[in-house]
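Read off the chains here:
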Amino acid sequence: MTEIEAIRVRHSVRSYQSRKIEQEKIDRLEALIDEVNAAGNLHLQFMEDAGKTFQRLLSKVMGLGSAPSVIACVGSDDDTLDERIGYYGEKIVLAAQSMGLNTCWAGTFQKAGVPAEIRPGERLVIVIAIGYGENQGKQRKSKTPEQVSEVQGTRPDWFDFGVEMALRAPTAINQQNFLIRLNEDNSVDFFDKGGPFSKVDLGIVKYHFDVGAEYRENGGTAHE
């Protein structure tokens, strides 16, 4: 499964089977986590046993209490941390989808219950529930490309496809509170309009856009 295919089929899943993730898939996830940690100056950690991460009442109501495993999104704390976590964490989310796993970005969790190492100068921002879902989730209502993008001049195909992929990005409470602007010199700016976990969302949106834009620039077609 390509990343484009993973973007198209992946939806947030909140209810999970008790089935454990196979060791071969854990090894692949941990290898990828090592890569993104190095690339993004992060300290993401996969934990096979989610422990008490989702023991808060709201988490249980949402169904996340059934999630068997978790990825703790930790990194060196600065103004870019949330966005870096969104960008590199989504790479892992899409890889998990390609392995037949399901995921959910979860901002509601019990921090004291996350069995993660948080070193001095680091911060735990959010977690990703991961495992085999009871279902594959469902498509959420989406804004239009015109509502989330601005173009100065003509709209190149690579930009439009990048925006299309960005609109498939998971965002907190499905807010899609971002703006993507194409400038006259073909540079692209991304704007966070605020809201819960909006900087994490912006990182996820950027990753989706980059995957889509690069795909079309390299000759990929919309129907592949």
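Look above for the structure.
Scoring rules and cut-offs
- Residues numbered from 1 in each chain as written.
- Predicted model: local features only at pLDDT ≥ 70, side-chain atom pairs only at ≥ 80, totals over all residues.
- Heavy atoms only, no water.
- Pairing = 2+ DSSP bridges.
- Helix = DSSP H or I, 4+ residues; strand = E, 2+ residues; numbered from the N terminus.
- Axes fitted to C-alpha atoms, helices over the stretch in contact; angles between N-to-C directions.
- Salt bridge = Lys/Arg side-chain N within 4 Å of Asp/Glu carboxyl O.
- Buried < 20%, exposed > 50% of the residue type's maximum accessible area, 1.4 Å probe, protein only.
- Disulfide = S-S within 2.5 Å.

What follows is about the sheet that holds strand S1 (residues 45-47). Taken together, the four strands give an open sheet; going across it, the order is S1-S2-S4-S3, and neighbouring strands pair in antiparallel fashion. Edge positions in the sheet fall to S1 and strand S3 (102-106), since each of these pairs with one other strand and no more. The average angle at which neighbouring strand axes cross in this sheet is 25°, direction not considered. Pairing of strand S2 (residues 69-76) with strand S4 (residues 122-131), which is carried by eight bridges, proceeds in the antiparallel orientation. Looking at S4, one finds that Val74 is bridged to Leu124.

We now examine the pattern of salt bridges. Across all of its chains, the model carries 11 salt bridges by this definition. Note that Arg84 and Asp78 form a salt bridge whose closest N and O atoms lie 3.1 Å from each other. You can call Arg84 buried: its relative accessible area is 14%. Between Asp160 and Arg155 there is a salt bridge whose closest N-O contact spans 2.7 Å. By relative accessible area, Asp160 is classed as partly exposed at 29%. Owing to a relative accessible area of 33%, Arg155 belongs among the partly exposed residues under this scheme. When salt bridges with common partners are traced through the structure, they connect Asp77, Asp82 and Arg123 into a single cluster.

In this structure, Asn41 takes a positive phi of about 55° despite not being glycine. Structurally, Asn41 can be placed in the loop between helix H2 (23-40) and S1. Even without glycine at this site, Asn174 takes up a positive phi of about 55°. Within the secondary structure, Asn174 sits in the loop between helix H6 (157-166) and strand S6 (178-182).

Now for the state of the cysteines. In the structure shown here, the tally under the stated rule is zero disulfides. Residue Cys73 stays outside any disulfide, its sulfur separated by 12 Å from that of Cys104, the closest cysteine. Cys73 gets classed as buried once you look at its relative accessible area, which sits at 0%.

Before going further, it helps to examine the pairing of S4. Counting buried positions along S4 gives nine out of 10 residues, so the element sits mostly inside the fold. The sheet contact formed by S3 and S4 spans five bridges and is antiparallel. Bridge pairing links Cys104 to Ala129 in S4.

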